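# Coordinate analysis (summary)
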Amino acid sequence: MKRGERYAVLTRSLRHRPRDVAWLAAWSAVEALPALVSGWAIAEAISHFLAGRTAGAFGWLSLLALAALAGACGTRQATVRLGALVEPLRDELVGRIVAGALASSMGTAKPPDTDAVARMTHQAEIVRDSFASVLSVARRFVFTAGSTLIGLFTLVPSVFPYVIPPLAASVLILRLLLRPFAARQRRLVIGEELVANSAAKAVSGLRDVTACGAEDLVLAGLSDRITEQAEAVRSVARVGSARVLCIAAGGWLPLLLVLAATPSMVRHGIAPARIIGAIAYISGSLRGALSTLSQGVGAGLVRLLVTLDRILEASTMPTTPAVDSVSVHRPGTHGGQDVGGNLRLRGVTFGYGRYAEPIIRDLSIDIASGTHLAIVGPSGIGKSSLACLVAGMLEPTAGEILLDGVPIARYPARSLPQKRVLIPQEAYVFAGTLAENIQYLRDADQPADWEVDAAADAVGLGPLVSRLGGYQAIINPVGLSAGERQLIALTRAYLSRAPVAILDEATCHLDAAAEQRAEAAFARRPGTLIVVAHRISSALRAERILVLDGNQAQAGEHESLLAGSAMYRELVGYWMAASRPDTAPAPASAPAR
Ligand SMILES: Nc1ncnc2c1ncn2[C@@H]1O[C@H](COP(=O)(O)OP(=O)(O)OP(=O)(O)O)[C@@H](O)[C@H]1O
Ligand SMILES: [Mg+2]
């Protein structure tokens, strides 16, 4: 784990909020006032009592009470400032966790691992709490110990050699124990995750486990993990006790040394009241500060670092989604020849009927030959209408669509099939032979047998050809399934010479693997491919995605759209949920608006 990243994450909120840091320091100083005043107040009160000056004694005790009151206010205000410093850390971590899960599921086209997100979000809470507690303890230790030492050495400077060496040794040993403690704590946190994962897996597969009679096996696996975890807890406890011992020594040793040196100090003219004040400093504030340090910075710091490392490791976002190989740029040439298929939409507006509200408004986009573009959007938004506009089957109310520099409306209807092919959601298959069905867009230029075989193989029609008994089999469209009809229409489009292929949910009746095969075939075909996508995998295969969102449209790559288009995020979320096995199957495209 990159230490720098960990450090950067932890200090970011501190660096960005210097005012809060300054206020935290100021209120921490106020909080430490009782530590500063206590020894002096006790020493002076005793002196005044012994000298019969009761009012003076009460005055000092009142000062101590006031300091305690101010300290309480300091604690309250410091806690508020602390909250302002640690909350941004939690927000940043949760953001990273969710973005990481989304990005990794984007790459694999799998639904996001929401269980892992929930677990890690819980860990982000742990990091937030641990960070708050470490910050709080560290500042309390620094201010309390600092104030105590100032009070102590101004009251009785000669106690210095009895206090500093044991205190320094204790802090040093604590530091040395931090690494082994961290290693054990890390094992503990990872073990916790493993136990949770194994338990979740066992519970989710309970039916299968019972059906296979594998209860004992699963139980044995779980028991091993739990036993390992118990050992990890014990080993953390062992190092933890060594730390507590060290703290105790650091706190008690100065006290014993000062008590042992008391007769000599008294002989050297130090007032007993001052020695009592010094003892109050050591036994009260100093030991308190040390034990707070051991409890907070010990377990808290280690838990903070270990948990933060786990989050940073797990939420590292892949820089590019693992889109499969068909997403490569498609050829705009064939055998070195430009096949054409350059599309330009200029301010295209379209509505059904003169007075109807436009479905598409002022849309401009260039789709160069060789581009694989996916069109996405909620149901009824106008994807099919746009596909028909691009295919020249509908005319824009305003604006123009150029195909290879010529307005598509200018192409004679007869020649359009040579320029573009559109496969709608409900594929059209006519009664006749299979060969007639798949070759009829090559009327004037009959394909060779090998070409037909290659097309059928590429698109995935082979099994149907075998089932029907060859290309000369007479087909009855009603006797075919919707998916089989789509395969026939796809093979027909694949065989056509049109440089622009438009697939309007043309694979919606195929399963994901068959869809990928068909789209892969079209991706290898020279020219422009426009796919109205109805699955996330289909959109991910495209190099550009056009999101239709009411009267707005936005084109871009998957990641930039995820960041910049709320509609695209919504669609992706919908597709993800729909592709989960525990939810209903996805409808053809996406939710209606
Ligand atoms: N021939 C038509 N006459 C009038 N309105 C139409 C016609 N065809 C479609 N519409 C309307 O135009 C809007 C856009 O329809 P379109 O079929 O283009 O949407 P879509 O995004 O393809 O939807 P889906 O995802 O359901 O296929 C819808 O409100 C639809 O009802
Ligand atoms: Mg449609």
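Quick note: structure is the one above.
Residues numbered from 1 in each chain as written. Chains lettered and ligands numbered in written order. Predicted model: local features only at pLDDT ≥ 70, side-chain atom pairs only at ≥ 80, totals over all residues. Heavy atoms only, no water.

As enumerated under the stated definition, the model contains 24 salt bridges in all. Notably, a salt bridge pairs Arg346 with Asp366, separated by 2.8 Å at the nearest N-O pair. Here Arg346 is found in strand S3 (residues 343–350), whereas its partner Asp366 is found in strand S4 (residues 360–367), with 20 residues between them in sequence. Looking at Arg346, the relative accessible area reads 32%, which means it is partly exposed. (Salt bridge = Lys/Arg side-chain N within 4 Å of Asp/Glu carboxyl O. Helix = DSSP H or I, 4+ residues; strand = E, 2+ residues; numbered from the N terminus. Buried < 20%, exposed > 50% of the residue type's maximum accessible area, 1.4 Å probe, protein only.)

A separate point is the nonpolar core. Grouped together as the largest cluster of nonpolar side chains are 32 residues, with contacts concentrated most on Ile423, Leu461, Ile488, Leu490, Leu503 and Phe522. Among the elements of the structure, strand S8 (420–423), helix H12 (434–439), helix H13 (449–459), helix H14 (462–468), helix H15 (482–495), strand S11 (500–504), helix H16 (512–524) and strand S12 (528–532) are those that each provide at least two residues to this core. By size, the runner-up hydrophobic cluster in this structure holds 29 residues, among which are Leu363, Ile367, Leu373 and Leu386. (Core = buried A, V, L, I, M, F, W, Y, C linked by side-chain atoms within 4.5 Å.)

Strand order across the open sheet formed by 6 strands is S8-S11-S12-S5-S13-S14, with mixed pairing between neighbours. The sheet terminates laterally at S8 and strand S14 (552–556), the two strands that pair on one side only. Sheet twist, expressed as the average angle between the axes of neighbouring strands with direction ignored, equals 15°. Bridge analysis of strand S5 (residues 372–376) against strand S13 (residues 544–549) gives 4 bridges, and the strand direction is parallel. What sits directly across from Leu373, in S13, is Arg544. Seen against the sheet, helix H10 (residues 383–390) touches S5, S8, S11, S12 and S13 and runs at an angle of roughly 160° to S11. Of the strands in this sheet, S8, S11 and S12 touch H16, which is tilted by about 155° from S12. (Pairing = 2+ DSSP bridges. Axes fitted to C-alpha atoms, helices over the stretch in contact; angles between N-to-C directions. Contact = heavy atoms within 4.5 Å.)

Let's shift gears to empty space enclosed by the protein. Under the defined criterion, the tally for this structure stands at 1 cavity of 30 Å³ or more. Taken as a whole, the largest cavity spans an internal volume of roughly 30 Å³. If you trace the largest cavity, you find it lined by Leu345, Ile365, Ile367, Leu373, Ile375, Leu386, Val390, Ile530 and Leu546. Where the lining of the largest cavity is concerned, the elements lending two or more residues are S4, S5 and H10. Class assignment for the residues of the lining of the largest cavity results in 9 nonpolar, no polar and no charged. (1 Å grid on protein atoms, 1.4 Å probe; cavity = no way out; pocket = protein on both sides within 12 Å on 5 of 7 lines; lining within 4 Å. Points joined across faces, edges and corners; volume = space filled by probe spheres on them. Nonpolar A, V, L, I, M, F, W, Y, C, P; charged D, E, K, R; others polar.)

For H16, which comprises 13 residues, the first-to-last C-alpha distance of 18 Å matches the rise-based estimate of 18 Å (1.5 Å per residue) to within 8%. What H16 keeps buried is the set Glu515, Ala518, Glu519, Ala520, Ala521, Phe522 and Ala523. Considering only its buried residues, H16 is in contact with S8, H13, H15, S11, S12 and helix H17 (536–541). One side-chain oxygen at the N-terminal end of H16 lies 3.2 Å from the backbone nitrogen of Ala513; it belongs to Asp511. (Expected span 1.5 Å × (residues − 1). Polar contact = N/O pair within 3.5 Å; in protein donor to acceptor, adjacent residues only side chain to side chain.)

Right, let's get into the site of ligand 1. Around ligand 1, 12 residues are found, and the nearest of them are Ser379, Gly380, Lys383, Ser384 and Ser385. At 3.2 Å from an oxygen atom of ligand 1 is found a main-chain nitrogen or oxygen belonging to Ile381. Between Lys383 and ligand 1, the recorded distance is 2.7 Å, taken from a side-chain N or O atom to an oxygen atom. Within the complex, the protein chains bury 55% of what would otherwise be the 630 Å² of accessible surface of ligand 1. Classifying every residue of the shell around ligand 1 by side-chain character gives 4 nonpolar, 6 polar and 2 charged. (Near = heavy atom within 4 Å. Areas by Shrake-Rupley, 256 points an atom, 1.4 Å probe, with all protein chains shown as cover.)

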